[in-house]
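# Coordinates in review
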Amino acid sequence: MLERLEQIRKTAETGLKNLQNMKDVENFRIKYLGKKGELTQVLRGLSQIPENERPAVGKLANEIRDYLEEQLQIIEKKIKKEEEEKKLKKEFIDVTLPGRRPVVGKKHPITRVLDEIKEIFIGLGFGIAEGPEVELDYYNFEALNLPPEHPARDMQDSFYITDKVLLRTHTSPVQIRVMEKMAPKLPIRIIAPGRVFRRDDDATHSPMFHQVEGLLIDRKVTFADLKGTLQAFVLQMFGESVRMRLRPSYFPFTEPSAEVDISCIICGGNGCRTCSHSGWLEILGSGLVHPKVLEMGGYNPEEVSGYAFGMGIERIAMLKYGIDDLRILFENDFRFLSQI
Ligand code: PHE
């Protein structure tokens, strides 16, 4: 019996050396120490062996069991530690690696120019007004002194929803909407930024573009007020070295009307491709509000007067950022947008 125990001890010892993982440990435990394990069998069978041999066999069997249990505990601990380390290594985060920079968005060039324009006019005492992009023919044309057969409608061919509803071709309808809301209160002093639509599509015209309308109505407003305000705007927007000039023009909703040019900010007025060698760039249309328009808005042209202007934002953004094809502003190409 003692010999058999020595045999068990020997095989168990080599077995111990080969334990690789927790599964092995479990199998080993079952094989020797489990209910039907080899060592357990010996201890159970003690009653069957001669009495004089019993103490020695029992002692040795207990020794081997204690030894195996002790060894198993050590090995188990070791394996658990190794497995833990392996897991940690897999999930290891190298905190010294440089971080991945998140892509931070920025304002679209149109928004930036709009913000700048708004800020200047807010500084001059103007408020912000808005109107719908889908507009009634009445506000877009009729109330602006452009009756149905008026030839000037041709210049602003639009997208019609129905005969009487269209995508607004300019921000001027906001003039009427604001007057209707305010009349007979004075003064009106607003700018109205927003999207407008025309049937145009080439390198310098997009079917959708942006304008900022300006409207001031009060007593005794003159052309000098208009010119002074625009001069202040041009100074702040383009800098001290840029000159401004007014050119007589025609709009059905202003009388008199003027187109406003600034000296070319690319060539300084000497003449270049951008200004078609004229030295001047047109930036907006303006004039004194036509008496009929004042009347349509609910004001008495005998008592009040006003000025209005409208400028194209894309034009100004193109000049400011040296963009030669307007369409790129609306292609959402990140390579372009992240340059600005
Ligand atoms: N609405 C005109 C346009 O789009 C510009 C303008 C606005 C002219 C206000 C005069 C007064 O061309």
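Data block above holds the structure.
Structural notes, computed from the coordinates. (Residues numbered from 1 in each chain as written. Predicted model: local features only at pLDDT ≥ 70, side-chain atom pairs only at ≥ 80, totals over all residues. Heavy atoms only, no water.)

### What to know about the overall build of the protein chain
Helix and strand counts for the protein chain stand at eleven helices and ten strands. Here the C-alpha radius of gyration of the protein chain, 44 Å, is well above what a compact globule of 340 residues would show, namely 20 Å. Here the protein chain holds 340 residues, and 41% of them are scored as buried. Pairs at least 24 residues apart make up 67% of the contacts formed inside the protein chain by residues separated by at least 6 positions. Of the roughly 20100 Å² of accessible surface on the protein chain, a fraction of 51% belongs to carbon and sulfur atoms. Each charge class in the protein chain can be summarised by its mean position, and for the 49 positive and 51 negative side chains these summaries are 8 Å apart. (Helix = DSSP H or I, 4+ residues; strand = E, 2+ residues; numbered from the N terminus. Rg over C-alpha atoms; globule rule 2.2 N^0.38 Å. Buried < 20%, exposed > 50% of the residue type's maximum accessible area, 1.4 Å probe, protein only. Contact = heavy atoms within 4.5 Å. Areas by Shrake-Rupley, 256 points an atom, 1.4 Å probe, with all protein chains shown as cover. Lys, Arg positive; Asp, Glu negative; His and termini not counted. Charge placed at Lys NZ, Arg CZ, Asp CG, Glu CD.)

### Focus on the nonpolar core
Counting 43 residues, the largest nonpolar core has Ile117, Phe309 and Met311 as the members making the most contacts within it. Mapped by element, the contributors of at least two residues to this core are helix 5 (109-123), strand 6 (208-218), helix 8 (223-238), strand 8 (254-263), strand 9 (280-289), strand 10 (305-312), helix 10 (313-321) and helix 11 (334-337). Filtering out sequence-adjacent residues up to four positions away, Ile117 remains in contact with Val212, Phe233, Met237, Met311, Ile313 and Ile316. One finds Tyr139, Phe251, Val289 and Tyr299 within the second-largest nonpolar core, a separate group that totals 25 residues. (Core = buried A, V, L, I, M, F, W, Y, C linked by side-chain atoms within 4.5 Å.)

### Let's talk about the environment of His150
Along the polypeptide, His150 turns up in the loop between helix 6 (137-140) and strand 3 (160-162). Separated by 68 residues in sequence, His150 and Asp218 place their C-alpha atoms 29 Å apart. When near neighbours in sequence (up to four residues on either side) are disregarded, His150 contacts Asn145, Tyr250 and Pro252.

### A few points about the sheet that holds strand 3
Across the sheet, which stays open at both edges, the three strands sit in the order 2-4-3 with antiparallel pairing between neighbours. The two strands at the open ends of the sheet, each matched to only one other strand, are strand 2 (134-136) and strand 3. Here the average twist between neighbouring strands, direction ignored, is 30°. Looking at chain direction, strand 2 and strand 4 (residues 165-167) are connected through three bridges and run antiparallel. (Pairing = 2+ DSSP bridges. Axes fitted to C-alpha atoms, helices over the stretch in contact; angles between N-to-C directions.)

### Structural notes on a nonpolar patch on the surface
Together, Leu136, Tyr138 and Met296 make up an exposed nonpolar region whose accessible area comes to about 240 Å². Within the secondary structure, Met296 is located in helix 9 (residues 291-296). Look at Met296 and you get partly exposed, because its relative accessible area is 35%. (Patch = residues over 30% accessible without salt bridge, like charges linked within 9 Å, V, L, I, M, F, W, Y side chains within 5 Å. Salt bridge = Lys/Arg side-chain N within 4 Å of Asp/Glu carboxyl O.)

### Some thoughts on the environment of Arg335
Mapped onto the secondary structure, Arg335 falls in helix 11. Sequence separation between Arg335 and Gln41 is 294 residues, and the spatial gap between their C-alpha atoms is 79 Å. There is a polar contact of 2.8 Å between the side chain of Arg335 and the side chain of Asp333. (Polar contact = N/O pair within 3.5 Å; in protein donor to acceptor, adjacent residues only side chain to side chain.)

Any functional reading would require information that these geometric values do not contain.
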